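Reading the structure
In case you want the letters, here they are:
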Amino acid sequence: MQFQAPESLSEQIAQHIGRQIITGALRPGERIQELKVAGELDVSRGSVREALLILERRHLIRIY
């Protein structure tokens, strides 16, 4: 039997943003603002920053 830990908050945020990218709610080249996302989801900017790093590793976004 394998036990899986629940997904981290950053992973959940990354999945949320990833869905927005895939469904077209976020357009190519559109800027993702940490503060705005943090406010909308009621999470810390640090968690959003970690989520963006996850998305960059998955090649869904580029961080400049």
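Everything that follows concerns the structure shown earlier in this document.
Now for a description of the structure that goes with this document. (Residues numbered from 1 in each chain as written. Predicted model: local features only at pLDDT ≥ 70, side-chain atom pairs only at ≥ 80, totals over all residues. Heavy atoms only, no water.)

Remarks on the nonpolar core
Ranked by internal contacts, the top residues of the largest apolar core, which has 13 residues, are Ile13, Ala14, Ile17, Val48, Leu52 and Leu55. At five residues, the largest contribution of residues to this core is made by helix α3 (residues 45–57). Excluding anything up to four places from it in sequence, isoleucine 17 contacts Leu26, Ile32, Val37, Leu52 and Leu55. (Core = buried A, V, L, I, M, F, W, Y, C linked by side-chain atoms within 4.5 Å. Buried < 20%, exposed > 50% of the residue type's maximum accessible area, 1.4 Å probe, protein only. Helix = DSSP H or I, 4+ residues; strand = E, 2+ residues; numbered from the N terminus. Contact = heavy atoms within 4.5 Å.)

Things to note about unusual backbone geometry
Backbone geometry at aspartate 42 places phi at a positive 55°, although glycine is not the residue there. Mapping aspartate 42 onto the fold places it in the loop between α2 (34–41) and α3. Residue classification places aspartate 42 among the exposed residues on the basis of a relative accessible area of 71%. The backbone phi angle of histidine 59 is positive, close to 65°, even though this residue is not glycine. For histidine 59, a relative accessible area of 72% corresponds to the exposed category.

A closer look at the environment of threonine 23
One can find threonine 23 in helix α1 (residues 9–23). For the pair formed by threonine 23 and isoleucine 61, sequence separation is 38 residues and the distance between their alpha carbons is 14 Å.

As for the pattern of salt bridges
For the coordinates displayed, the defined rule picks out four salt bridges. Between arginine 58 and glutamate 11 there is a salt bridge, with its nearest N and O atoms 2.9 Å apart. A residue pair is termed long-range when its members are at least 10 positions apart, and arginine 58 in the segment after α3 and glutamate 11 in helix α1 qualify at 47 residues. Since its relative accessible area comes to 43%, arginine 58 is described here as partly exposed. Across the pair glutamate 30 and arginine 27 runs a salt bridge whose closest N-O atoms are separated by 3.9 Å. With a relative accessible area of 37%, glutamate 30 lands in the partly exposed category. Among the residues examined, arginine 27 registers a relative accessible area of 58% and is labelled exposed. Taken together, the salt bridges that share partners define one network made up of Glu34, Arg45 and Arg49. (Salt bridge = Lys/Arg side-chain N within 4 Å of Asp/Glu carboxyl O.)

A few points about α3
With 13 residues, α3 should cover 18 Å at 1.5 Å per step; its first-to-last C-alpha distance of 18 Å lies within 8% of that length. Taken together, the buried positions of α3 are occupied by Ser47, Val48, Ala51, Leu52, Ile54 and Leu55. The arc that holds the buried residues of α3, viewed along the axis, is 155°, so those residues lie on one side. On its buried face, α3 sits against α1 and α2. (Expected span 1.5 Å × (residues − 1). Arc of directions from axis to C-beta.)

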